[in-house]
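# Residue-level structure breakdown
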Amino acid sequence: MFSRKTLLWSTGILLLAAIVRILHIDDPALWTDEGFVYYTFKIPLFDAILGDRHPPFYFYTLHAWENFTGDSILALRWWSMLPSMLSLAVTFQIGRELARYRPGIKNLPLLAMLILALADAENYMAQELRMYTWHVLFAACSTWFYLRFLRNGKTRLWIIANVLLMYTHYFGAFVLIVQGIHLLIFASQKRRGIIALIISGVMFAPWFFGVTLRQFADDAVCVNCATSQNWDILLDFREKWFGQIWALTLLLFFFGMVWMVKDRVKLRPFAPTVLLIGLIVVPVAGTFALGHEEAVLLARRMVQITIPISLLIALGIANFSKRGQIVVALALILYGTTTVDWYRIKVPWHTITNLIAEYAQPGELALMEVGYEESALLYYYDHQLPTQISSFPVWSGEARYDYYEVYLPELLAEQRDIQTGVITTWVTFFSPDDGILHKIQDAGFIRTMTRPYHHLGSEIDVYRYDLLPDDAVGTFQNGMILRAFEITPDGRVDLWWSSEEVLTDEYVVSVYLLNSAGVVVSQLDSIPPKSTNTWQPGEVIYDPRVPQGIESLPPDIYTIGVKVYHFTPDIVDILTIDDEPALILGAWEH
């Protein structure tokens, strides 16, 4: 049983961890790897996993979770946050097991919980739609049950944890390798331990031989390749796991390898220290050895070392007096809650998609060309747009030629039968390859709007392309041609302008509403999105307008007209070529 004091402190630590893990969990947009997870909801799940490089546990459980919670960003990322919270409880138990090796050590389980609660490695992964927090949880469970095996010889829970670990991430094998070496050196029941590890391997063997080998069949692996020898990566690891105050945390880390007894330094017992060091060194060394052309050397794939690092730092703090522990813990809490050492700036695809959603209408087509970010962007297209959606399935085995040279031209040609009036195609574009833009133009579409978004010094563009009717609506005497118009159900008036000659003046366009009594009840006067004196001959300008106050108008059938004027400095109305003061567009029922 735990004392009331321990329960209170552990509850406080859990609340702290929950706050830092849940706060802003759904703010960052999905990125490439998370986009792949969303992509698994779009195709048969096993086919998706077969084309990936990870075991199935996370994907199947996430799909089951999504059936109950839906696919909001909050709900999906919650499935990563939950195991991160469970890891705190498991780390507490590991701390209790380690305390048995150092009688008299104070507060180790709580200190271990606290360090893990503040660990940016866990906080970051808890807010990402990936399997890494489950990886950490099962690595922690395997370590806990292995320590229990050393004490009581029981293997059932240890085997279960090992199997779950291997079915969650292949790098979990490093944990089993360390345990195997450790038990050969330190365990009294070596034979029983080896049998448990063999059983764990046998239970994973069907997946390994049936699927894993197929996943990596075309995967080129190099040993000691250039990627692996980039020692800057080690400096990156240092900051991610030890923070900007790495001098302090590394000192605590190394101090945790010894045991202070009455102001004397002791190295024995070696068993727990060797285990924790092995759980760090072997995954790091193994990952370096398996250098990979697809940058396998990513910190996220070694997050299992977060637990032993946290434990060694906690052991270092536990070597201090009670007062010293409080001072160090408060310093780490202050630093951990006010700084972030592990982060990724993600493209705000939800914001970029809103650039389309602001004007998109049902039935229009939305495309994208953003490289491997397409699956991430697809999530926001699916959830924010009322349009048809098409994207190249980057995670599939489909040839790019088939999509861009066969499917896409056919899809664009079909829009003449799918859409009515002005035929519209949107595209989010961030790529050195502008082939998709040429395909759209070859299908007869004209770019009528560009909405740029600046991200980290780069420009991501949202383009609108339209296929306009052959006949214009009308022409004004200044040369402005109204090529087409549409009135949306909510009263927005979309205009498409062009001119055959350069316009030297800046003109104002007025869209107005007449009620059934012929009285002007709403209007919007402004220059077009691009000033008329900057238009190029033949250029088409998309000009969306929402007359002021239309949402508060009483029910009626309103007549919508458009007129053009300019200041000289007096207001001078520009007549149509038919000497009319305005073009009457049609009626709108409100």
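Just so you know, these numbers come straight off a predicted model, no measurement behind them.

To continue, consider the pattern of salt bridges. Counted under the stated rule, the structure contains 16 salt bridges. With a closest N to O distance of 3.6 Å, Arg100 and Glu97 form a salt bridge. A salt bridge links Arg492 to Asp494; the shortest N-O distance between them is 2.8 Å. Residues Arg492 and Asp494 agree in their burial class; the two are buried. Three or more residues are tied together by salt bridges with common partners; here these are Glu34, Arg77, Glu128, Arg300 and Lys346.

As for its placement among the helices and strands, Ala318 is situated in helix α15 (residues 306-318). Look at Ala318 and you get buried, because its relative accessible area is 8%.

Residues Trp349, Ile352, Thr353, Leu355 and Ile356 constitute the buried set of helix α17 (residues 349-357). The arc that holds the buried residues of α17, viewed along the axis, is 140°, so those residues lie on one side. For α17, the elements touching its buried residues are α18 (374-384), β5 (423-429), β6 (446-455) and β7 (458-467).

On to the nonpolar core. If you look at the biggest cluster of nonpolar residues, it comprises 135 residues, and the most contacted ones within it are Tyr58, Ile94, Trp241, Phe253 and Trp349. Among the elements that line this core, the one with the most residues is helix α8 (residues 132-152), at 14 residues. The contacts of Trp241, once residues within four sequence positions are left out, are Ala121, Ala299, Met302, Val303, Ile305, Thr306, Ile309 and Trp342. Counting 23 residues, the second largest nonpolar core, distinct from the first, contains Met480, Leu482, Ile550 and Trp588.

Once that is clear, we can look at a nonpolar patch on the surface. Side chains of Ile177, Ile181, Leu184, Ile185, Phe186, Leu267, Phe270 and Val274 sit close together on the surface and give an oily, nonpolar patch of about 700 Å² of accessible area. Every element with two or more residues in the nonpolar patch is listed here: α10 (173-186) and α14 (270-289). Per element, the largest residue contribution to the nonpolar patch is five residues, and it comes from α10. Structurally, Phe186 is set in helix α10.

Take the sheet that holds β7 next. The five strands lie next to each other as β4-β3-β5-β7-β6, forming an open sheet whose pairing is mixed. Both edges of this open sheet fall to β4 (388-389) and β6, since each of them pairs with a single strand only. Taken together, the seven bridges between β5 and β7 define a ladder with antiparallel strand orientation. Paired with Ile423 across the bridge in β7 is Leu467. Running at roughly 170° to β5, helix α20 (residues 435-442) makes contact with β3 (365-369), β5, β6 and β7 of the sheet.

Read from one edge to the other, the open sheet built from four strands follows the order β8-β9-β10-β13, with strand pairing classed as antiparallel. At either end of the open sheet lies a strand with only one pairing partner, and these are β8 (474-475) and β13 (541-545). Of the strand pairs in this sheet, strand β10 (residues 493-499) and β13 are connected by five bridges, and their pairing is antiparallel. Its bridge partner being in β13, Leu495 is matched across the sheet by Asp543.

With 96% of its residues at a pLDDT of at least 70, the chain reaches an overall mean of 91. Looking across the chain, the model is least confident in strand β1 (residues 259-261), with a mean pLDDT of 78, and most confident in helix α9 (residues 156-166), with 98.

The subject of this paragraph is unusual backbone geometry. Although it is not a glycine, His24 sits at a positive phi angle of roughly 65°. Within the secondary structure, His24 is located in the loop between α1 (4-22) and α2 (32-39). Looking at His24, the relative accessible area reads 48%, which means it is partly exposed.

Scoring rules and cut-offs
Residues numbered from 1 in each chain as written. Predicted model: local features only at pLDDT ≥ 70, side-chain atom pairs only at ≥ 80, totals over all residues. Heavy atoms only, no water. Salt bridge = Lys/Arg side-chain N within 4 Å of Asp/Glu carboxyl O. Buried < 20%, exposed > 50% of the residue type's maximum accessible area, 1.4 Å probe, protein only. Helix = DSSP H or I, 4+ residues; strand = E, 2+ residues; numbered from the N terminus. Arc of directions from axis to C-beta. Contact = heavy atoms within 4.5 Å. Core = buried A, V, L, I, M, F, W, Y, C linked by side-chain atoms within 4.5 Å. Patch = residues over 30% accessible without salt bridge, like charges linked within 9 Å, V, L, I, M, F, W, Y side chains within 5 Å. Areas by Shrake-Rupley, 256 points an atom, 1.4 Å probe, with all protein chains shown as cover. Pairing = 2+ DSSP bridges. Axes fitted to C-alpha atoms, helices over the stretch in contact; angles between N-to-C directions. pLDDT = per-residue confidence, 0-100.

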